Amino acid sequence: MTAPAVTVLLPVFNGGRHLPEAVESVLRQSFCDFELLASDDGSTDEARRVLEGFSDPRLRVLANERNLGLVATLNRGLAEARGEWIARQDADDVSAPGRLAAQMSFARGNPSVPLLG
């Protein structure tokens, strides 16, 4: 399997009600060379069930057995990420369809810029 250009890290703790829209906004990106790595941080709501309800092969789900907090969850996601670039999205965010395309175009055209948003 070829590594994707971008890993979108999406940590979630009890954000199940926002997840469908957040996940769909990433999966509908015009830039297609990505994986979505969603990390459930021990949620007690329907977050994990919502994540497991998607069948898109670009989505991988990590699940913490208990709540570890945002930093530990993000660090775990970074360790599991396959992409050359990392994009962040929160569970209650919605990405515009051209977000990753615009960010990758800028990043590739400006290699001296290490971080963008």
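Sequence order sets the numbering: in each chain, residues are counted from 1 along the sequence as written. Selection of residues for local features in this predicted model requires a pLDDT of at least 70, selection of side-chain atom pairs for listing and counting requires 80 or more, and totals for whole chains, interfaces and linings are taken over all residues. Hydrogens are left out, water is left out, and the side-chain values use all remaining heavy atoms of the structure.

### Things to note about unusual backbone geometry
Residue N14 is not a glycine yet carries a positive backbone phi of 50 degrees. Going along the chain from the N terminus, every DSSP run of H or I of four or more residues is numbered as a helix, and every run of E of two or more is numbered as a strand. Mapping N14 onto the fold places it in the loop between β1 (6-12) and α1 (19-27). Three labels apply to residues, based on accessible area from a 1.4 Å probe with only protein chains included: buried if under 20% of the type maximum, exposed if over 50%, partly exposed otherwise in between. Residue classification places N14 among the partly exposed positions, given a relative accessible area of 32%.

### Comments concerning the side chain of D40
Positionally, D40 belongs in strand β2 (residues 34-41). For the charge count, each Lys or Arg is scored as positive and each Asp or Glu as negative, with His and the chain ends excluded. Just to be clear on terms, a salt bridge is a Lys or Arg side-chain nitrogen sitting within 4 Å of an Asp or Glu carboxyl oxygen. Nearest to the buried, unbridged D40 among oppositely charged side chains is R48, at 4.8 Å. Polar contacts here mean pairs of N or O atoms no more than 3.5 Å apart (in protein, one a potential hydrogen donor and the other a potential acceptor; neighbouring residues in sequence count only if both atoms are side-chain atoms). Among the polar contacts listed, one links the side chain of D40 to the side chain of S43, at a separation of 2.5 Å. Apart from the residues within four sequence positions on either side, D40 is in contact with V12, A47, R48, L51, L62, A63 and N64. By definition, residues are in contact when any of their heavy atoms lie within 4.5 Å.

### Describing the pairing of strand β3 (residues 59-64)
Most of β3 is tucked away: 5 of the 6 residues are buried. What makes two strands pair is DSSP finding at least two bridges between them. Relative to β3, β2 runs parallel, the two being bridged by 6 bridges. Note on β3: the bridge partner recorded for L36 is L59. Following the chain from β2 across helix α2 (residues 47-52) to the adjacent parallel β3, one finds a crossover that is right-handed. Throughout, right-handed denotes a crossover for which the path from the first strand over the helix to the second runs clockwise when the strands point away from the viewer.

### Concerning the pattern of salt bridges
Under the defined criterion, the tally for this structure stands at 6 salt bridges. Among the ionic pairs, E52 bridges to R48, the shortest N-O distance being 3.2 Å. Within this pair, E52 and its partner R48 are both found in helix α2, separated by 4 residues, close to a single helical turn. Among the residues examined, E52 registers a relative accessible area of 52% and is labelled exposed. Residue R48 is classed as partly exposed on the basis of its relative accessible area of 35%. Across the pair R88 and D90 runs a salt bridge, and its minimum N-O distance is 2.8 Å. A relative accessible area of 30% places D90 in the partly exposed class. Members of the salt-bridge network, linked through shared partners, are E35, R60 and R82.

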